[in-house]
Amino acid sequence: MRLPDTVLDDCLCDPAAPLARDPARRYGLEKPQAQARLAALKGWLRERQTMLWANRRDALLLVLQGPDCAGKNGVIRRVLGGLDPLGLAPCSFQAPSADERRHDFLWRYRQRLPAPGILGAFNRSYYEALVSDLRDGLCGAADIPARQVAIADFERQLPALRVRPLKCYLQLSVDEQKHRLHQRLERPDKRWKLTLDDLQGHRHFAERQASWADVLSVSHGNAAPWYVIPADHRWLRDLIVASLLAREFERLALDWPAHPAPFSHADLERMR
């Protein structure tokens, strides 16, 4: 059901040129085929997610980054939609509030790490502290090296917390971003999401992507690698992320917990 390892490994970040690949590549797939595979895969993911919740030993954290309109919300909706909400913890991070700024920049992310048994999802993440915070004046360029070290230390602590991160950068072309912004302007159900920063982000697309390329390059590693997902085709983006998630579940080798039954059939039949 899931895509083969050759496709998934092809999405591994190349630190020398993180965003040099074509965001419209298809891997020989077409939309109906990909949608059918995703539909079949989601049933398997739901079972494994329930096993994760039943064992309550490990947690998975799906980290989603990407430019405006790349589909971070869409991935959460279409890949995680239909899974058991009791075992899901999606979080969306905007600019830090005044209360959050009273703490160190990683504090709000630590508070939202998934507990054992939970599949968490970060729509934007602690990596915004290296790009958006700098752009918004919440830190200076001199602060970035120390923040990079703090993030690396934070990720090294995740295994001890039994949290397994899956970091996905949704790569979108500037032309596809423009197309999706035009669509949002035309649709009232999408238009409410728009802000002037969306326009500025599009006008400065190349500059912002260069900043993210630098971040991907320095933060990619064997313990917590980045996957750069071609996101010009929503249907392929969703299938790749779902397949990566499926591979993480496979690596956990989950099964139903071998707990003894708390009562017997005879107990159930016996009247009080």
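Coordinates for the structure precede this section.
These lines cover the structure that appears in this document, whether it is placed above or below. Keep in mind it's a predicted model, so treat the numbers as computed, not measured.

Below, the discussion takes up the sheet that holds strand β1 (residues 59–65). Across the sheet, 5 strands lie side by side as β2-β3-β1-β4-β5; this open sheet has parallel pairing. Among the strands making up the open sheet, the edge pair consists of β2 (88–92) and β5 (226–230). On average, each strand axis in the sheet is inclined to that of its neighbour by 20 degrees, with strand direction left out of account.

The end-to-end C-alpha separation of helix α6 (residues 144–157) is 20 Å, in line with the 20 Å expected for 14 residues at 1.5 Å each. Among the residues of α6, Ile144, Arg147, Ile151, Phe154 and Glu155 are the ones counted as buried. Down the axis, α6 shows its buried residues gathered within 95 degrees of arc, on one side only. Opposite the buried face of α6, by more than 90 degrees, sit the exposed residues Ala146 and Arg156. Check the buried side of α6 and you find it contacts α4 (107–111), α5 (128–135) and β4 (163–171).

It is worth spelling out the environment of Arg184 at this point. You can see Arg184 is positioned in helix α7 (residues 174–186). Residues Arg184 and Cys69, 115 residues apart in the sequence, show an inter-C-alpha distance of 9.3 Å. Not counting chain neighbours up to four residues away, the residues in contact with Arg184 comprise Cys69, Lys190, Arg191, Lys193 and Leu194.

Here the focus is the side chain of Asp232. As for its placement among the helices and strands, Asp232 is situated in the loop between β5 and α11 (234–252). A polar contact of 2.8 Å, which involves the side chain of Asp232, links it to the side chain of Ser173. Asp232 has contacts with Pro23, Ala24, Gln171, Leu172, Ser173, Glu176 and Arg180, leaving out every residue within four places of it along the chain.

Scoring rules and cut-offs
- Residues numbered from 1 in each chain as written.
- Predicted model: local features only at pLDDT ≥ 70, side-chain atom pairs only at ≥ 80, totals over all residues.
- Heavy atoms only, no water.
- Pairing = 2+ DSSP bridges.
- Helix = DSSP H or I, 4+ residues; strand = E, 2+ residues; numbered from the N terminus.
- Axes fitted to C-alpha atoms, helices over the stretch in contact; angles between N-to-C directions.
- Expected span 1.5 Å × (residues − 1).
- Buried < 20%, exposed > 50% of the residue type's maximum accessible area, 1.4 Å probe, protein only.
- Arc of directions from axis to C-beta.
- Contact = heavy atoms within 4.5 Å.
- Polar contact = N/O pair within 3.5 Å; in protein donor to acceptor, adjacent residues only side chain to side chain.

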